[in-house]
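Okay, here's what each chain looks like letter by letter:
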Amino acid sequence: MNPFQFTRVTTPKAAISAVTKEKGTYFLAGGTNLIDLMKREVVIPERLVDINKLPLATIEKTVTGLRIGATAKNSAVADNELVKKYFPLLSQALNAGASAQLRNMATVGGNMMQRTRCAYFYDNSMPCNKRSPVQTGGAAGSTERFRADKGQANGPTGCGAIGGFNRMHAIFGASEKCIAVHPSDMCIALVALDATVNVSGPKGDRKIPFGEFHRLPGDKPQQDNTLQPGELIMSVDLPTNRFSDNSHYLKVRDRASYAFALVSVGVALDMKGNTIRDVRLAMGGVAHKPWRLTKAEDFLRGKPATEANFKQAAALAMQGAKGYGENDFKLTLAPNSIIDALKTATKTA
Ligand SMILES: Cc1cc2nc3c(=O)[nH]c(=O)nc-3n(C[C@H](O)[C@H](O)[C@H](O)COP(=O)(O)OP(=O)(O)OC[C@H]3O[C@@H](n4cnc5c(N)ncnc54)[C@H](O)[C@@H]3O)c2cc1C
């Protein structure tokens, strides 16, 4: 690991100022992803700014719902009584992620910002456009700065996963530059629950709808999200809903714990008898961003909870899906998972 400077701050203003002032400076939260990336020299910071002492770890009721601070630990959010009662989908998704030890360290902001688990991204000897973008100069619009900032290549460019080992990879929204997936479980629940991200930066404060926070790879796979340089995630807002009785997070993975999703499905419904009054559906493990299934939602709204309707919704959700060889099984696994998750959430299984 390369040597780096370390600063601890106690105010958001100081954190933003430190990261804006000096190139190659990163916020450090739980460190469970960033430190791994540093050890492998995928990311080589000049300075880390520890944000764990910022007053951003609270979980509190608001007029419109719930506000969760960016440095709240994943375990604290999952175990919070308000989250368990009113947003059980979020609690379930968080508990499906990583291990108890990791959840005790990982934060909400860090979870949103975690990088893909594509093996080519983590291996400097392999081609990867996300790690080594074609144009040098760092990732515009990202707080991540790569060795490219220093004018050095950080391994070969290209996409090793296309035509290579791609069992974990995307079936939606990929590009010829990158077929990696976003790895978070928590974010699948947050996109389904229509969360809003509150950020603060050198140009002031702004709100980002959760569905617009992460992005598809396109021509800039190095850019995971729409955060601007120097911006700090402050909190996430969840609007009140009527989904608490009928929510389910289904995660299909290689091991029962401590494994990333091959496919996951987050479902939240508002039911009146057997009729679906309202529904939110999102998938993980299938795209470069948390993948919301709006066509399937539109189809299901107002319909009875039947297997035939679930099958039709799943078929709509799969429109445009494309496999890359090793991950072709997801074309079957994903719709089956949608149907399964809907049955469980509507208690019709
Ligand atoms: C073995 C293993 C298994 C795992 N399994 C899963 C899993 O099954 N499901 C899952 O979802 N996750 C899993 N994870 C990932 C884990 O959830 C993430 O590593 C964790 O959530 C990152 O949070 P952190 O606070 O440690 O972030 P850090 O590592 O501290 O930071 C990650 C990135 O976020 C940036 N950052 C942090 N906070 C902010 C902020 N407030 N504003 C702006 N930028 C910020 C940092 O600068 C850095 O670039 C696993 C991790 C490991 C190591």
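Everything numeric in this text was worked out from a predicted model, so none of it was measured.

### Digging into the site of the ligand
Step number 1: If you check the shell around the ligand, you find 32 residues, and the closest are Phe27, Gly31, Thr32, Thr107 and Asp185.
Step number 2: Interatomic distance of 2.7 Å between a side-chain N/O atom of Asp185 and a nitrogen atom of the ligand.
Step number 3: Between the ligand and the protein, one listed contact pairs an oxygen atom with a backbone N or O atom of Ala259 at 3.4 Å.
Step number 4: When isolated, the ligand has an accessible area of 990 Å², and the protein chains bury 95% of it.
Step number 5: Its atoms largely coinciding with the cavity grid, the ligand occupies the largest pocket.
Step number 6: If one sorts the elements of the shell around the ligand by residue count, helix H7 (residues 108-113) sits on top with four residues.
Step number 7: Among the residues making up the shell around the ligand, the classes are represented as 15 nonpolar, 12 polar and five charged.

### Quick look at helix H1 (residues 12-21)
For an α-helix, 3.6 residues make a turn, and residues three or four places apart therefore share a direction.
Step number 1: Every buried residue of H1 is accounted for by Pro12, Ala15, Ile16, Ala18 and Val19. The buried residues of H1 occupy an angular sector of 160° when projected down its axis, which confines them to one face. With respect to the buried face of H1, the exposed residues turned more than 90 degrees away are Lys13 and Lys21.
Step number 2: In this fold, the buried residues of H1 make contact with strand S2 (25-28), strand S3 (47-50), strand S6 (196-201) and strand S8 (232-239).

### Focus: the packing of aromatic side chains
Step number 1: All chains considered together, the criterion is met by three aromatic pairs.
Step number 2: An angle of 85° between the planes, with centres 5.3 Å apart, marks the rings of Phe121 and Tyr122 as edge-to-face. Like Phe121, the residue Tyr122 is buried in the burial classification.
Step number 3: Taking 6.3 Å as the distance between ring centres and 25° as the angle between the ring planes, the aromatic pair formed by Phe210 and Phe213 counts as stacked. For the pair shown, Phe210 and Phe213 are each scored as buried.
Step number 4: Lying over the aromatic face of Phe299, Lys303 brings its terminal NZ or CZ to 4.1 Å of the ring centre.

### Looking at the layout of surface pockets
Step number 1: Space inside the largest pocket adds up to approximately 960 Å³.
Step number 2: Taken together, 47 residues make up the lining of the largest pocket; nearest its centre are Thr32, Asn33, Gly110, Asn111 and Gln114.
Step number 3: Mapped by element, the contributors of at least two residues to the lining of the largest pocket are S2, helix H2 (34-39), helix H5 (88-95), helix H6 (100-105), H7 and S8.
Step number 4: Broken down by class, the residue content of the lining of the largest pocket amounts to 24 nonpolar, 13 polar and 10 charged.
Step number 5: Around the second largest pocket, the lining is made up of 24 residues, and of these Arg117, Cys118, Ala119, Met168 and His169 lie nearest the centre.
Step number 6: The element that contributes the greatest number of residues to the lining of the second largest pocket is helix H8 (residues 119-122), accounting for three residues.
Step number 7: Tallied by class, residues from the lining of the second largest pocket come to 10 nonpolar, eight polar and six charged.

### Brief notes about the pattern of salt bridges
Step number 1: Across all of its chains, the model carries 21 salt bridges by this definition.
Step number 2: Where Asp194 meets Arg280, a salt bridge forms, and the shortest distance between an N and an O atom there is 2.8 Å. Taken together, the residues span a long stretch of sequence, with Asp194 in the loop between helix H9 (186-192) and S6 and Arg280 in strand S11 (residues 275-284) at a distance of 86 residues.
Step number 3: For Arg280, a relative accessible area of 14% translates into the label buried.
Step number 4: Residues Asp194 and Arg292 are paired through a salt bridge, measuring 2.9 Å at the closest nitrogen-oxygen approach. With Asp194 in the loop between H9 and S6 and Arg292 in strand S12 (residues 291-292), this pair connects stretches of sequence that are 98 residues apart.
Step number 5: What you see here is one network of salt bridges that share partners, running through Asp194, Asp278, Arg280, Arg292, Glu297, Asp298 and Arg301.

Rules of the game
Residues numbered from 1 in each chain as written. Predicted model: local features only at pLDDT ≥ 70, side-chain atom pairs only at ≥ 80, totals over all residues. Heavy atoms only, no water. Near = heavy atom within 4 Å. Polar contact = N/O pair within 3.5 Å; in protein donor to acceptor, adjacent residues only side chain to side chain. Areas by Shrake-Rupley, 256 points an atom, 1.4 Å probe, with all protein chains shown as cover. 1 Å grid on protein atoms, 1.4 Å probe; cavity = no way out; pocket = protein on both sides within 12 Å on 5 of 7 lines; lining within 4 Å. Sits in = over half its atoms within 2 Å of the grid points. Helix = DSSP H or I, 4+ residues; strand = E, 2+ residues; numbered from the N terminus. Nonpolar A, V, L, I, M, F, W, Y, C, P; charged D, E, K, R; others polar. Buried < 20%, exposed > 50% of the residue type's maximum accessible area, 1.4 Å probe, protein only. Arc of directions from axis to C-beta. Contact = heavy atoms within 4.5 Å. Phe/Tyr/Trp six-rings, centres within 6.5 Å; stacked < 30°, edge-to-face > 60°. Lys NZ or Arg CZ within 6 Å of the ring centre and 35° of its normal. Points joined across faces, edges and corners; volume = space filled by probe spheres on them. Salt bridge = Lys/Arg side-chain N within 4 Å of Asp/Glu carboxyl O.

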